[in-house]
Amino acid sequence: MLTFVIVYYGVLIAASCAAAYFKQRQAFQLLFSLLLVSMVVGIVGGAAGLRFIAIAACLLAAAAGISYAFREFLVQIAKPSLARELRTAPLTAAFGMFIIFVYAVAAIFAPWIAPFGQAEVIDSAFAPADDKMLLGADQLGRDMFSRLIYAARNTVGLALSATILAFLMGAGAGLWAAVRGGWFDTAFGRVVDILMSIPSLIFALLILSIFGTNLTIIVVVVAIMYAPRVFRLTRAVAGNVVVMDYIEAARLRGEGDWFLIRREILPNTTAPLIAEFGLEFCFVFLLMAGLSFLGLGIQPPTADWGSMVRENATLISFGEITPLIPAAAIALLTVAVNFVVDWMLFRSSGLKER
Amino acid sequence: MDKLLRLIGQRLGLGLLTLLVVSVLIFSAVELLPGDLAEAVLGQAATEETVAAMREQLGLDRSAPVRYLEWLSGAVVGDFGNSLISGERVSDAISERFSNTLMLAAYAAVIAVPISILLGIMVALLRNTLFDRVANVMTLTSISSPEFFLGYILILYFSVKTGWFPAIASQMGDTSLGDYLYRTFLPALALVLVVTAHMMRMTRAAIINLLASPYIEMARLKGVSPLKVIVKHALPNAWAPIINVVALNLAYLITGVVLVEVVFVYPGIGQLLVDAVAKRDFAIVQACCLIFAATFILLNLAADVGSILTNPRLRHPK
């Protein structure tokens, strides 16, 4: 234990001195603040606290490393125009893209990655982890790890389809309202105001109590709940484009609404719309996770992160962290999407920073 | 002043109208039931006679608008009829739980509001420093985590591993305030974590937007001290966005509370709603939804009115 402490401080001090000597200001600040924090934690929490800090710092460093490498990889395979944008992406955004990539691989190749089927009973209930089952068994003796992988497909797929539906409705109505204007625009605006004044989780619960837990209904209801947000944004962004001269010119040429939307407005509104799609996905994903946590989402035996947390929650009172892994999976994906969206918003919007 | 009153009156009227439309939506949603209410409640085992008796008991022989008006006029004075499953009065089931939920939300708000506004202003002033970046990542992480994730993490570390706080907040009864605060600390903390992150980000955005405006730059250029710039120039205009942020997040608390209550088995209205949904007890579902929606709309209304009242340009018309 003592050697660990000595080596730990030694490495940190040496590294911060090296950073200071080579005039790497940011690296020095980072290393030295880590050193100060470690000193405080070391005094308060002893060697165990120090070990915790060391592990956390290593994890962060590993995450930063993989994000850096992934960004370089993307820059090399992307087209030149896109590569220039990607080069300016902060590490958090690169990390987000990497995580999304990993989730996509897990979801697409789920049957090949997962060692067992999602409804297959392997062992006794809550069997501990061994080399056959990486994370142990759940409350019915099914393999946790396989269910986690399959849930990537089920949970994310459902949230994605609801988001796409919400987006099609919201963005379609928004663009149309912007082009048409008049009473059509006003009517849509009023409906949206009312829909947005209902808390979404509550409304979803109301509808689910009536129609029962049916996947199609969940997707449609969630899409209707979140379409208004998309509508407002699209309407606002497209509203700024519609007053441009080139739209006027196209109108005078005799182009129809559909042409205006497709060829003139959409190309000029893609950046904020893509960012909004990411944000929207986060909201929908969290709402659906909440619903399935309440037992009202995807029904068993189909694997789903939200319901997995609930089913295995009893393990938490024995100090196990396995039930938290599906919840962490939800959080990680949402964080990743948020990181990417944050970067895109910063790039595309006129947020008055700097 | 006239203009101000008219604006507020308009907003209040609009809010009332929204509430009315929402109540129609909540009522008519049940009308969408396949078959009708009586069949849905009795389920598969229903015979002709029992369905007919149930219809009469529920008053389904009258037209929907009449029943809506009856339901609404009852709801206004706090009478939501009887539960479809247990037959007890809905208002009895709700009243105590509603005050429990309000207590929890108020507890969380009292902690979260001052902290998040202070931190939000600090982060806005220190923007683009390391501190700001770290705060940005932390708030994003907190926003992105489902409420039940935060709740279970708190249970795992503060209750199971260390035993500092009780994990379950179900036994209420006659407890002193101190005891209550101790027992409900973890659910309140879970709510605080989510809401603080939201509020910090919104406060930061509002303040940064404000600090970028030309008149602040003007004040700086003429040599006013930084503190004075903030207190005398920025703050009067910052109240409106800050009030907005607070009210919006309190409204958010109202929905976030449902999941947290379920995690901590807290006897609040959110848990009642979830149970009623599972049991398909529509009378309770409707009542809970109406209460949640009304609170949500009222808080949004408060946000609007607050920002109108604190807007210096409206208070001192030219």
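Since we're looking at a predicted model, the values are computed, not measured. (Residues numbered from 1 in each chain as written. Chains lettered and ligands numbered in written order. Predicted model: local features only at pLDDT ≥ 70, side-chain atom pairs only at ≥ 80, totals over all residues. Heavy atoms only, no water.)

Q: I'd love a proper account of the overall build of chain B, names of residues and values included.
A: Within chain B one finds 14 helices and 0 strands. Its helices and strands in sequence order give chain B the pattern α-α-α-α-α-α-α-α-α-α-α-α-α-α, from N to C terminus. Judged by the C-alpha coordinates and their principal axes, chain B covers about 85 × 60 × 35 Å. For chain B, the residues scored as buried account for 48% of the 318 residues in total. Within chain B, residue pairs in contact and separated by at least 24 positions form 73% of the contacts whose partners lie at least 6 positions apart. A total of about 15,600 Å² of accessible surface is found on chain B, and carbon and sulfur atoms cover 66% of it. Placing the 23 positive and 22 negative side-chain charges of chain B at their respective mean positions leaves the two points 22 Å apart. (Helix = DSSP H or I, 4+ residues; strand = E, 2+ residues; numbered from the N terminus. Buried < 20%, exposed > 50% of the residue type's maximum accessible area, 1.4 Å probe, protein only. Contact = heavy atoms within 4.5 Å. Areas by Shrake-Rupley, 256 points an atom, 1.4 Å probe, with all protein chains shown as cover. Lys, Arg positive; Asp, Glu negative; His and termini not counted. Charge placed at Lys NZ, Arg CZ, Asp CG, Glu CD.)

Q: Residue-level account of the overall build of chain A, with values.
A: Check the secondary structure of chain A and you find 13 helices and 0 strands. Start at the N end of chain A and walk to the C end: the helices and strands fall as α-α-α-α-α-α-α-α-α-α-α-α-α. If one aligns the C-alpha atoms of chain A with their principal axes, the spans along those axes are about 80 × 60 × 35 Å. Relative to its full complement of 354 residues, chain A shows a buried share of 46%. A fraction of 67% describes how many contacts in chain A between residues 6 or more apart in sequence connect residues 24 or more apart. With 24 positive and 22 negative side-chain charges, chain A shows a separation of 8 Å between the mean positions of the two kinds.

Q: Describe the domain arrangement of chain A, and please don't skip the residues or the numbers.
A: Once the domains are mapped, chain A shows domain 1 (2–65) and domain 2 (115–348). Computed from C-alpha coordinates alone, the two centres of domain 1 of chain A and domain 2 of chain A are separated by 39 Å. (Domains from an automatic or database assignment.)

Q: Can you explain the nonpolar core? Please cite residues and give values.
A: By size, the foremost hydrophobic cluster in this structure holds 163 residues, and its most contacted members are Leu205(A), Phe293(A), Leu294(A), Trp305(A), Phe148(B), Tyr152(B) and Leu273(B). In terms of residue count, helix H11 (residues 226–264) of chain B provides more of this core than any other element does, 16 residues in total. In this structure, Ala178(A), Ala238(A), Ala250(A) and Leu260(A) belong to the second largest nonpolar core, which totals 11 residues. (Core = buried A, V, L, I, M, F, W, Y, C linked by side-chain atoms within 4.5 Å.)

Q: Run through empty space enclosed by the protein, naming residues and quoting values.
A: Under the definition given, this model contains 2 cavities of 30 Å³ or more. There is about 70 Å³ of room inside the largest cavity. Considering the residues around the largest cavity, the lining is formed by Thr155(A), Leu158(A), Ala159(A), Ile218(A), Met288(A), Ala289(A), Leu291(A), Ser292(A), Gly297(A), Ile298(A) and Asp304(A). For the lining of the largest cavity, the secondary structure elements donating two or more residues are helix H6 (144–180) and helix H11 (257–293) of chain A. Among the elements that take part in the lining of the largest cavity, H11(A) stands out by supplying 4 residues, more than any other. The residue makeup of the lining of the largest cavity, split by class, is 7 nonpolar, 3 polar and 1 charged. Mapped onto the lining of the second largest cavity, the elements with two or more residues apiece are helix H5 (90–125), H11 and helix H13 (282–309) of chain B. (1 Å grid on protein atoms, 1.4 Å probe; cavity = no way out; pocket = protein on both sides within 12 Å on 5 of 7 lines; lining within 4 Å. Points joined across faces, edges and corners; volume = space filled by probe spheres on them. Nonpolar A, V, L, I, M, F, W, Y, C, P; charged D, E, K, R; others polar.)

Q: Please give an account of the packing of H6(A) against helix H9 (residues 215–242) of chain A that cites residues and values.
A: At a minimum axis distance of 5 Å, the contact between H6(A) and H9(A) shows a crossing angle of 35°. Taken as a pair, H6(A) and H9(A) cross one another with a handedness that is right-handed. (Axes fitted to C-alpha atoms, helices over the stretch in contact; angles between N-to-C directions. Left-handed = near helix turned anticlockwise from the far one by under 90°.)

Q: Any details on the interface of chain A and chain B? Residues and values, ideally.
A: Listed per partner, the contact involves 44 residues of chain A and 51 residues of chain B. Each partner contributes to the roughly 4,100 Å² buried at the junction of chain A and chain B, and carbon and sulfur atoms together form 78% of this total. Put simply, chain A and chain B have 1 salt bridge between them. The partner of Asp342(A) in a salt bridge is Arg201(B), and the shortest N-O contact between them spans 3.4 Å. Remark: the boundary between chain A and chain B carries 6 residue pairs in polar contact (both at pLDDT 80 or more). Mapped by element, the contributors of at least two residues to the side of chain A that touches chain B are helix H2 (25–77), helix H7 (182–196), helix H8 (200–211), H11, helix H12 (305–311) and helix H13 (324–348) of chain A. No other element matches the 10 residues that H13(A) contributes to the side of chain A that touches chain B. A breakdown of the residues in the side of chain A that touches chain B according to their chemical character gives 28 nonpolar, 10 polar and 6 charged. (Buried area = accessible area lost by both parts, 1.4 Å probe. Salt bridge = Lys/Arg side-chain N within 4 Å of Asp/Glu carboxyl O. Polar contact = N/O pair within 3.5 Å; in protein donor to acceptor, adjacent residues only side chain to side chain.)

Q: Give a description of the pattern of salt bridges that names residues and reports values.
A: Opposite charge on two side chains permits them to pair, given that their charged atoms come into close proximity. Residues and elements named next belong to chain A. Tallying each qualifying case throughout the model produces 12 salt bridges over all chains. Among the ionic pairs, arginine 229 bridges to glutamate 276, the shortest N-O distance being 3.5 Å. Of this pair, arginine 229 sits in helix H9 while glutamate 276 sits in helix H11; the two residues are 47 residues apart in sequence, bridging distant segments of the chain. A relative accessible area of 27% means that arginine 229 is categorised as partly exposed. Given a relative accessible area of 6%, glutamate 276 falls into the buried group.

Q: I'd like to hear about the packing of aromatic side chains, residue by residue, with values.
A: Residue and element names in this part refer to chain A. Applying the stated criterion across every chain, the model contains 25 aromatic pairs over all chains. Taken together through their ring pairs, the aromatic side chains of Trp176, Trp183, Phe184, Phe188 and Phe231 make up a single cluster. The residue whose ring lies beneath arginine 180 is phenylalanine 184, and the NZ or CZ to ring-centre distance is 5.6 Å. (Phe/Tyr/Trp six-rings, centres within 6.5 Å; stacked < 30°, edge-to-face > 60°. Lys NZ or Arg CZ within 6 Å of the ring centre and 35° of its normal.)

Q: Requested: an account of unusual backbone geometry, with residues and values cited.
A: Of note, the phi angle at Lys23(A) is positive, near 60°, even though the residue is not glycine. Tracing the chain through its elements places Lys23(A) in the loop between helix H1 (2–21) and H2. Here the phi dihedral of Arg280(B) falls at roughly 55°; this positive angle occurs in a residue that is not glycine. Counting through the fold element by element, Arg280(B) comes out in the loop between helix H12 (269–279) and H13.

Q: Describe the side chain of Ser145(B), with residues and values.
A: On the secondary structure map, Ser145(B) appears in the loop between helix H6 (130–144) and helix H7 (147–161). Not counting residues within four places of it along the chain, the set of residues in contact with Ser145(B) comprises Leu286(A), Ala331(A) and Leu150(B).

Q: Tell me about the layout of surface pockets, and please be specific about residues and values.
A: Quantified by volume, the second largest pocket comes out at close to 670 Å³. Here the residues of the lining of the second largest pocket are counted per class, giving 11 nonpolar, 8 polar and 6 charged.

Q: Tell me about the environment of Thr270(A), and please be specific about residues and values.
A: All names here are of chain A. Position of threonine 270 relative to the elements: it lies in helix H11. Assessed through its relative accessible area of 40%, threonine 270 is described here as partly exposed. Only 3.3 Å separates the side chain of threonine 270 from the backbone oxygen of proline 267, close enough to count as a polar contact.

Q: Please set out the side chain of Asp143(A) residue by residue, giving values where relevant.
A: Structurally, Asp143(A) can be placed in the loop between helix H5 (110–113) and H6. Ignoring anything within four residues of it in the chain, the contact list for Asp143(A) reads Pro115(A), Phe116(A), Glu120(A), Ile122(A), Met133(A), Leu134(A) and Gly136(A).

Q: I'd like a description of the packing of H2(A) against helix H3 (residues 80–87) of chain A, backed by residues and values.
A: Residues and elements named next belong to chain A. Where H2 contacts H3, the two axes come as close as 8 Å, and the packing angle between them is 160°. Viewed along their axes, H2 and H3 adopt a mutual orientation that is roughly antiparallel. For the pair H2 and H3, the crossing hand works out as left-handed. Together, Arg71, Leu74 and Val75 of H2 and Ala83, Leu86 and Arg87 of H3 make up the contact between the two elements. Along the lines of polarity and charge, the residues of the contact of H2 with H3 split into 4 nonpolar, no polar and 2 charged. (Parallel < 35°, antiparallel > 145°, perpendicular 65-115°, else oblique.)

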